[in-house]
Amino acid sequence: MACRSGSCCGFGPLNEDNARFLMLALVIMLYLLCGAAVFSALEQPKEEVAKQRWALRFEQFSQKYNLSEQELKNFLRNYEEANVAGIRVDNTRPRWDFTGAFYFVGTVVSTIGFGMTTPATTGGKMFLIFYGLIGCAATILFFNLFLERVITVIAFILKFCHEHQQQRKVVLPENGRRMSEDHPRDRRRDSLAGWKPSVYCVMAILGAAAILVSCCASAMYSVAEGWDYLDSLYFCFVAFSTIGFGDMVSSQREFYEGQAAYRLGNFLFILTGVCCIYSLFNVISIVIKQVLNWLLMQVEAPCLCPGQGRHQNRRNMVVPGHLRAQRDPSVDTDAINDSEGDGRRMSGEMISMRDFLAANKVSLAIMQKQLSEMANGNPRQSTSNSRHNGFSGGVGALGIMNNRLAETSVER
């Protein structure tokens, strides 16, 4: 019996998704182990020095003021409890006035969670559970909508530049009419109707935007907070990526020069920075997904069926125009209909600007369809589209990226 395409090694569409998931989990685990080793080597010596210094100071202070070590430890524990409630040695603004509470809820819904302010009452903790549930969900939706519109703007600009570049590739015939070297103007216009940018171009633009916002914000924090510029860059990444350690927190002093302007700038920089880094993370996730696809191809390559090419039945690969025209039209038509019918598109196909404007409808349709399938227990369709589109198209931000960017196949 002839083996079916894609099942020579027991990899069906769903099993391939599981293989990607397990491979990603393994890569993340190795990444965590490497990170732990590096940070342990960098930070542990300083931690040991700090412990020795503190033990010496603790002993000297106890002897100088004739205090027992237990009494001094009890006093320090009382200060730690007061510090949680917002009491600091230096003068800081109240943490639970209206502006302080507004800053706190902003760190909650954005999932930054610096930790310098936390609710201490039972009522506050219970309210935070319900408040954060709705607020975080709404903010994630806002980030996704922001991502869609940013990609729309980037795609419009890149398409304009691409059209301008194509218009420059013209010659002036003897009759004086300007025409393309290879095609008429109308045909060239039709060929650009479904153009969309490469994920690498979008990643470069978002990376430049994130760097620009971080550098400008770091300059402001360096002046207003008195931090070193590199420390300010560190704070920007920790805050904008919503990691939020809390070792450095902006806008905590009691008074600043131009206090109103600084707090407004702090709010705008954090909002813009979080949106840019969130968008950049999702674009990078597409590149990581492509690397996983490439690794999976290397695993599958040794066990391909005899006579079966590596790229056979891969609809999302980049194919030259003259070869694509020779393919079975029914295959391409079915693929396009499938992708438009269920809200998913193949990663190598182009998408029109009309689809960019309907971005949120597409992503919500994807989520609604997949959640409905999961609730009803219906299996997903095993098509070659879902097989090689990487995680079956994705949901949420990953689905947005899949539907709006040319993922530039690894063979390209």
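Residues numbered from 1 in each chain as written. Predicted model: local features only at pLDDT ≥ 70, side-chain atom pairs only at ≥ 80, totals over all residues. Heavy atoms only, no water.

1. What about the side chain of S250?
Inspection of the secondary structure puts S250 in the loop between α7 (229-240) and α8 (259-300). A relative accessible area of 0% means that S250 is categorised as buried. At 3.0 Å, the side chain of S250 forms a polar contact with the side chain of N266. When neighbours within four sequence positions are excluded, S250 is seen to be in contact with Y103, Y221, E225, W227, F235, Y262, N266 and I270. (Helix = DSSP H or I, 4+ residues; strand = E, 2+ residues; numbered from the N terminus. Buried < 20%, exposed > 50% of the residue type's maximum accessible area, 1.4 Å probe, protein only. Polar contact = N/O pair within 3.5 Å; in protein donor to acceptor, adjacent residues only side chain to side chain. Contact = heavy atoms within 4.5 Å.)

2. Topic: the pattern of salt bridges
Using the criterion set out here, one finds two salt bridges in the structure. In this structure, the salt-bridge partner of K51 is E47, at a minimum N-O distance of 3.8 Å. Separated by four residues within a single helix, K51 and E47 lie in helix α1 (residues 13-64), roughly one turn from each other. According to the relative accessible area criterion, K51 is partly exposed, its value standing at 48%. Two residues, R149 and E148, come together in a salt bridge whose shortest N-O distance is 3.3 Å. Relative accessible area serves as the criterion here: at 45%, R149 is assigned to the partly exposed category. (Salt bridge = Lys/Arg side-chain N within 4 Å of Asp/Glu carboxyl O.)

3. Observations concerning the layout of surface pockets
Looking at the second largest pocket, its volume works out to about 550 Å³. Considering the residues around the second largest pocket, the lining is formed by 23 residues, among which F102, Y103, G106, T107 and F267 are closest to the centre. Broken down by secondary-structure element, the contributors of at least two residues to the lining of the second largest pocket are α3 (98-109), α4 (122-168) and α8. With eight residues, α3 is the single largest residue contributor to the lining of the second largest pocket. Class assignment of the residues belonging to the lining of the second largest pocket gives a composition of 13 nonpolar, eight polar and two charged. (1 Å grid on protein atoms, 1.4 Å probe; cavity = no way out; pocket = protein on both sides within 12 Å on 5 of 7 lines; lining within 4 Å. Points joined across faces, edges and corners; volume = space filled by probe spheres on them. Nonpolar A, V, L, I, M, F, W, Y, C, P; charged D, E, K, R; others polar.)

4. With respect to the packing of helix α6 (residues 199-225) against α8
Remark: α6 packs on α8, axes separated minimally by 9 Å, with the N-to-C direction vectors making an angle of 150°. Judged by the inter-axis angle, α6 sits roughly antiparallel to α8. Between α6 and α8 lies a crossing whose hand is left-handed. A breakdown of the residues in the contact of α6 with α8 according to their chemical character gives 22 nonpolar, seven polar and one charged. (Axes fitted to C-alpha atoms, helices over the stretch in contact; angles between N-to-C directions. Parallel < 35°, antiparallel > 145°, perpendicular 65-115°, else oblique. Left-handed = near helix turned anticlockwise from the far one by under 90°.)

5. Comments concerning the packing of aromatic side chains
Under the counting rule described, the total for this entry stands at 14 aromatic pairs. Ring centres of F142 and F143 lie 6.0 Å apart, and the angle between their planes is 55°; on these two criteria the pair is classed as tilted. Taken together, the aromatic side chains of Y103, F114, Y221, W227, F235, Y256 and Y262 make up a single cluster linked through ring pairs. (Phe/Tyr/Trp six-rings, centres within 6.5 Å; stacked < 30°, edge-to-face > 60°.)

6. Quick notes on a nonpolar patch on the surface
On the surface, F98, F102, F142, L264, F267, L268 and L271 cluster together into a nonpolar patch covering about 740 Å² of accessible area. Where the nonpolar patch is concerned, the elements lending two or more residues are α3 and α8. (Patch = residues over 30% accessible without salt bridge, like charges linked within 9 Å, V, L, I, M, F, W, Y side chains within 5 Å. Areas by Shrake-Rupley, 256 points an atom, 1.4 Å probe, with all protein chains shown as cover.)

7. Side note on α4
Look at α4: 68 Å from first C-alpha to last across 47 residues, which is about the 69 Å you get at 1.5 Å a residue. Of all the bends in α4, the greatest measures close to 30° and is centred on Y131. (Expected span 1.5 Å × (residues − 1). Bend = angle between axes of the 7 residues up to and from the residue.)

8. With respect to the nonpolar core
Grouped together as the largest cluster of nonpolar side chains are 34 residues, with contacts concentrated most on F114, L206, Y221, F235, F240 and I270. Of all the elements in the fold, those that place two or more residues in this core are α4, α6, α7 and α8. (Core = buried A, V, L, I, M, F, W, Y, C linked by side-chain atoms within 4.5 Å.)

9. Regarding unusual backbone geometry
Even without a glycine there, the phi angle at T242 is positive, about 60°. Mapped onto the secondary structure, T242 falls in the loop between α7 and α8. What makes T242 partly exposed here is its relative accessible area of 23%. One non-glycine residue, S251, lies in positive phi territory at about 55°. Along the chain, S251 turns up in the loop between α7 and α8. Taking the relative accessible area as the measure of exposure, S251 reaches 2% and is therefore buried.

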